[in-house]
Amino acid sequence: MPGIAADPVTQLRGVGPKLATKLAEVGIHRVEDLLFHLPLRYQDRTRVTPIGATQDGVDVVIEGEVRVADIAFGRRRSLVVRLQDGTGTISLRFFHFSAAQKNNLKPGTRLRCFGQVRRGGSGLEMYHPEYRQVIEGEVETEDALTPVYPALGGIGQNQWRKLCAQAVTRLKHSSPQELLPTEHPLPYGLGEALVFLHTPPPDAPQESLREGNHPAQLRLAVEELVAHNLTLQGLRAQQQAAGSPQLHGNAQLLEQFLDSLPFSPTAAQQRVMQEITEDIAKPHPMLRLVQGDVGSGKTLVAAAAALQAIASGYQVAIMAPTEILAEQHRLNFMSWFSQLDINIAWLSGRIKGKKRVEALETISSGSAALVIGTHALFQADVMFERLGLVIVDEQHRFGVHQRLSLTEKSGPDVGRPHQLVMTATPIPRTLSMVAYADLDCSVIDELPPGRQPVETALIDNSRREQIVQRVANACAGGRQTYWVCTLVEESDVLQAQAAEATAAELAEALPELAVGLVHGRLKPTEKDLVMAAFKAGKIDLLVATTVIEVGVDVPNASLMIIENPERLGLAQLHQLRGRVGRGTAASHCVLLYQSPLSLNGKQRLQAMRASTDGFYIAEKDLELRGPGEVLGTRQTGLMEFRIAQLPTHNHLLEEVQDIAANIQANHPDLAEPLIHRWTGTSREFAKV
Ligand code: ADP
Ligand code: MG
């Protein structure tokens with residue numbers, strides 16, 4: 001039953017071919033599509049707020065009498081109108097205005113304005129409010145909250161409002177089809193929820209709408225998350241349908257390799273290695289995510305998997321998000337596999353010209369069994385001869401599409417390579433249920449024996465001298481220290497300069513210590529020399545940029561100072577801190593912050609002090625920064641929902657999974673229309 005909602009948008013008033021084209025570009029073809037273009041937030045124009053009762057940063061309607069309207073010649077010429085009601089005075093400020101406009105704002109004129117109130121140095125202000133003249137005693141206001149729509153496709157806010165309002169009127173005659181199975185009772189009907197969210201009544205609970213937990217929002221969020229889950233499941237089914245090489249490995253070789261290490265794998269590592277061994281022996285692709293806290297030993301698990309694939313006669317690609325991490329893997333694997341006859345190719349953005357051609361040749365001819373690199377591995381001209389396994393480290397910085405693009409390069413008749421994804425830091429379970437529903441998950445929930453929990457202190461930079469003294473004492477006692485300089489700028493040059501300056505300052509303050517310096521601008525050989533000296537104990541205090549975030553492993557280093565930690569995300573701080581606490585000595589981390597801290601900054605640092613558990617920290621990160629930041633996938637659109645919000649809607653996820661599973665098992669014909677409804681054609685995600 002198509003109903004009126006299935007009509008093309010061109011049936012609406014004001015939609016000509018030009019606007020229809022614009023709408024089509026953002027995936028809106030039918031009236032029903034407009035209904036799912038949901039407001040981002042609301043403005044309350046249903047009542048007039050007394051000027052004296054307005055709050056900073058809030059959008060309000062005010063009404064008052066013009067006292068004066070004058071041109072102010074400040075830094076920028078502006079028209080300033082003083083408006084007064086019985087309760088207070090506010091300045092309306094216009095940077096763009098006409099002479100006629102000024103003339104119409106004579107003292108005594110009554111205005112009704114809508115805009116955001118700011119509490120500036122000179123009292124209350126409103127910049128460029130919408131306004132109109134009113135007659136004394138006029139009471140008319142809007143009778144519903146005003147929706148604010150995502151301004152997509154170069155279509156203005158007013159136009160979106162008009163379009164959606166027309167769609168809602170039609171909806172009242174014919175509701176879009178319910179696509180969720182009736183076995184799952186939901187608190188709101190679909191049509192009811194849509195009408196409510198497009199036109200909430202004046203008494204709608206604004207707070208709960210703002211927070212995203214109104215039942216109408218929950219109703220739609222469930223449906224959107226189900227659609228999202230089905231998309232990922234579909235992706236998984238599509239992958240799984242492909243054939244893959246069966247990698248049976250060589251148990252004896254694996255055992256030899258593990259025996260050659262100076263330690264034995266933890267029980268958790270063994271369990272995950274076993275899971276992978278079983279997966280890759282199957283004739284369809286493994287899709288597995290390995291999660292584990294910093295230092296839990298994910299690299300070893302990756303190495304074991306790589307060895308199995310290589311022993312089966314296939315190539316392995318290992319991809320890391322940064323040059324340094326990729327290089328760290330290369331050094332690690334070179335040393336671990338030194339007794340085995342394995343040819344390793346290396347590909348990064350810095351490998352160019354003849355070297356690159358040579359590397360590509362060893363990859364495409366199959367002479368390199370193991371290929372390690374960065375994003376450079378995605379490039380179109382990288383082709384493998386027999387790629388059997390793709391290992392992606394720190395998945396959260398790559399998008400789903402990138403991961404999949406690599407699996408297209410496997411080589412003729414090889415089938416789809418197996419995929420192993422390792423996260424750098426744990427991902428909250430709730431988030432991985434949404435973001436990685438297409439992957440099976442393994443958790444390394446155990447650290448190698450003997451690790452010491454790191455104690456963390458928050459210290460104001462005004463007490464820097466005390467901290468310098470503390471470093472002196474620690475080093476005098478034979479311990480080694482990291483001093484990490486952070487800069488917001490991405491620029492290597494600026495980061496290096498900041499670290500150089502700090503190293504010079506510390507060397508002067510602590511003449512008795514050997515101070516070293518490492519940053520991203522050093523040549524790899526120079527970097528290696530410094531790191532080797534630190535490892536050998538010839539450097540007491542290592543000043544570093546965040547390059548040491550990954551891969552550095554010096555058990556005798558047991559003190560870390562992080563400057564301006566408020567500039568970093570929790571995941572990065574957790575990674576950094578993971579560089580200490582690797583030996584038997586009690587370890588400490590000092591977060592040397594710059595006050596004043598923002599509330600969010602304070603909460604983040606307190607979370608660091610409260611816990612060394614990566615899973616806890618990841619949950620906090622999600623709460624404080626949102627899923628886009630935590631996953632690092634904002635650009636890919638993966639987590640751009642229309643109505644669902646994480647972690648606000650975490651509590652819905654169990655039910656979402658149930659519903660999605662039920663649809664797959666019992667109502668498979670509902671999956672496609674649901675996915676279509678919510679992911680539309682414009683969504684990046686739909687292109688997967
Ligand atoms: P992450 O999970 O953070 O990637 P790594 O793989 O870098 O951790 O491992 C951290 C350190 O622990 C490395 O020095 C590694 O050699 C060491 N390691 C890994 N597994 C074990 C183990 N079972 N016992 C002792 N040390 C281990
Ligand atoms: Mg790692």
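This one's a predicted model, so the numbers in the text were calculated from it and none came from an experiment.

Enquirer: Would you mind going over the overall build of the protein chain with me for this structure?
Expert: Check the secondary structure of the protein chain and you find 22 helices and 21 strands. With the C-alpha coordinates aligned to their principal axes, the bounding extent of the protein chain is approximately 90 × 70 × 50 Å. Classification of the 688 residues of the protein chain by burial places 54% in the buried group. Relative to all contacts within the protein chain whose residues are 6 or more apart in sequence, the contacts with residues 24 or more apart total 76%. Taken as two groups, the 67 positive and 76 negative side-chain charges of the protein chain have centres that lie 6 Å from each other.

Enquirer: Would you mind going over the packing of helix α7 (residues 215-241) against helix α21 (residues 653-666) with me for this structure?
Expert: In a pair of packed helices, the angle between the axes and the distance between the axes together describe the arrangement. One can describe the packing of α7 onto α21 by two numbers: an axis separation of 9 Å at closest approach and a directional angle of 55°. Comparing their axes, α21 and α7 come out oblique. Our pair here, α7 against α21, has a crossing hand that is right-handed. Residues Val-222, Leu-225, Val-226, Asn-229, Leu-230 and Gln-233 of α7 lie in contact with α21, whose contacting residues are Leu-653, Val-656, Gln-657, Ile-659, Ala-660, Ile-663 and Gln-664. Residue classes in the contact of α7 with α21 are distributed as nine nonpolar, four polar and no charged.

Enquirer: Would you take a moment to explain the sheet that holds strand β21 (residues 587-593) for this structure?
Expert: The strands that make up a sheet are held in pairs by hydrogen bonds between backbone atoms, and each pair lies either parallel or antiparallel. If you trace the six strands from one edge of the open sheet to the other, you get β16-β21-β20-β17-β19-β18, paired in parallel fashion. Edge positions in the sheet fall to β16 (454-460) and β18 (515-518), since each of these pairs with one other strand and no more. Across the sheet, the axes of successive neighbouring strands diverge by a mean angle of 20°, strand direction being ignored. Examined bridge by bridge, strand β20 (residues 557-563) and β21 share five bridges and lie parallel to one another. Residue Ile-562 lies in a different strand from β21, and its bridge partner there is Leu-591. Where helix α17 (residues 524-535) meets the sheet, its contacts fall on β17 (480-484), β18, β19 (541-544) and β20, and the angle it forms with β18 comes to roughly 140°. Strands β16 and β21 of the sheet are contacted by helix α19 (residues 599-610), whose axis makes an angle of about 150° with β16.

Enquirer: When you look at the sheet that holds strand β11 (residues 344-347) in this model, what are you seeing that I'm missing?
Expert: Pairing is parallel in the open sheet, where seven strands are placed in the order β11-β12-β10-β13-β14-β9-β15. Strands with a single pairing partner mark the edges of an open sheet, and in this sheet they are β11 and β15 (440-444). Neighbour-to-neighbour, the strand axes of the sheet open up by a mean angle of 20°, direction not taken into account. As defined by bridge partners, strand β10 (residues 315-319) adjoins strand β12 (residues 370-373) across four bridges and the pair is classed as parallel. In the strand pairing of β12, Val-316 is matched with Leu-370. Contacts between helix α9 (residues 267-280) and the sheet are confined to β9 (287-292), β14 (418-422) and β15, with β15 contributing the most and set at about 155° to the helix.

Enquirer: Help me out: how do you make sense of the environment of Val-58 in this one?
Expert: Relative to the assigned elements, Val-58 resides in the loop between β1 (41-43) and β2 (59-73). Overall, the relative accessible area of 32% leaves Val-58 in the partly exposed class. C-alpha separation for the pair Val-58 and Asp-259, spaced 201 residues apart in sequence, amounts to 65 Å. What Val-58 contacts, discounting residues up to four positions off in sequence, is Gly-115, Gln-116 and Val-117.

Enquirer: How should I be thinking about the site of ligand 1 in this particular structure?
Expert: Residues in contact with ligand 1 amount to 16 residues; listed here are only the nearest, Gln-269, Gly-295, Lys-298, Thr-299 and Asp-553. Between ligand 1 and Gly-295 there is a distance of 2.7 Å, counted from an oxygen atom to a backbone nitrogen or oxygen. A distance of 3.0 Å separates an oxygen atom of ligand 1 from a polar side-chain atom of Arg-451. Here the residues of the shell around ligand 1 sort into four nonpolar, seven polar and five charged.

Here is what the cut-offs are and how they apply
- Residues numbered from 1 in each chain as written.
- Chains lettered and ligands numbered in written order.
- Predicted model: local features only at pLDDT ≥ 70, side-chain atom pairs only at ≥ 80, totals over all residues.
- Heavy atoms only, no water.
- Helix = DSSP H or I, 4+ residues; strand = E, 2+ residues; numbered from the N terminus.
- Buried < 20%, exposed > 50% of the residue type's maximum accessible area, 1.4 Å probe, protein only.
- Contact = heavy atoms within 4.5 Å.
- Lys, Arg positive; Asp, Glu negative; His and termini not counted.
- Charge placed at Lys NZ, Arg CZ, Asp CG, Glu CD.
- Axes fitted to C-alpha atoms, helices over the stretch in contact; angles between N-to-C directions.
- Parallel < 35°, antiparallel > 145°, perpendicular 65-115°, else oblique.
- Left-handed = near helix turned anticlockwise from the far one by under 90°.
- Nonpolar A, V, L, I, M, F, W, Y, C, P; charged D, E, K, R; others polar.
- Pairing = 2+ DSSP bridges.
- Near = heavy atom within 4 Å.
- Polar contact = N/O pair within 3.5 Å; in protein donor to acceptor, adjacent residues only side chain to side chain.

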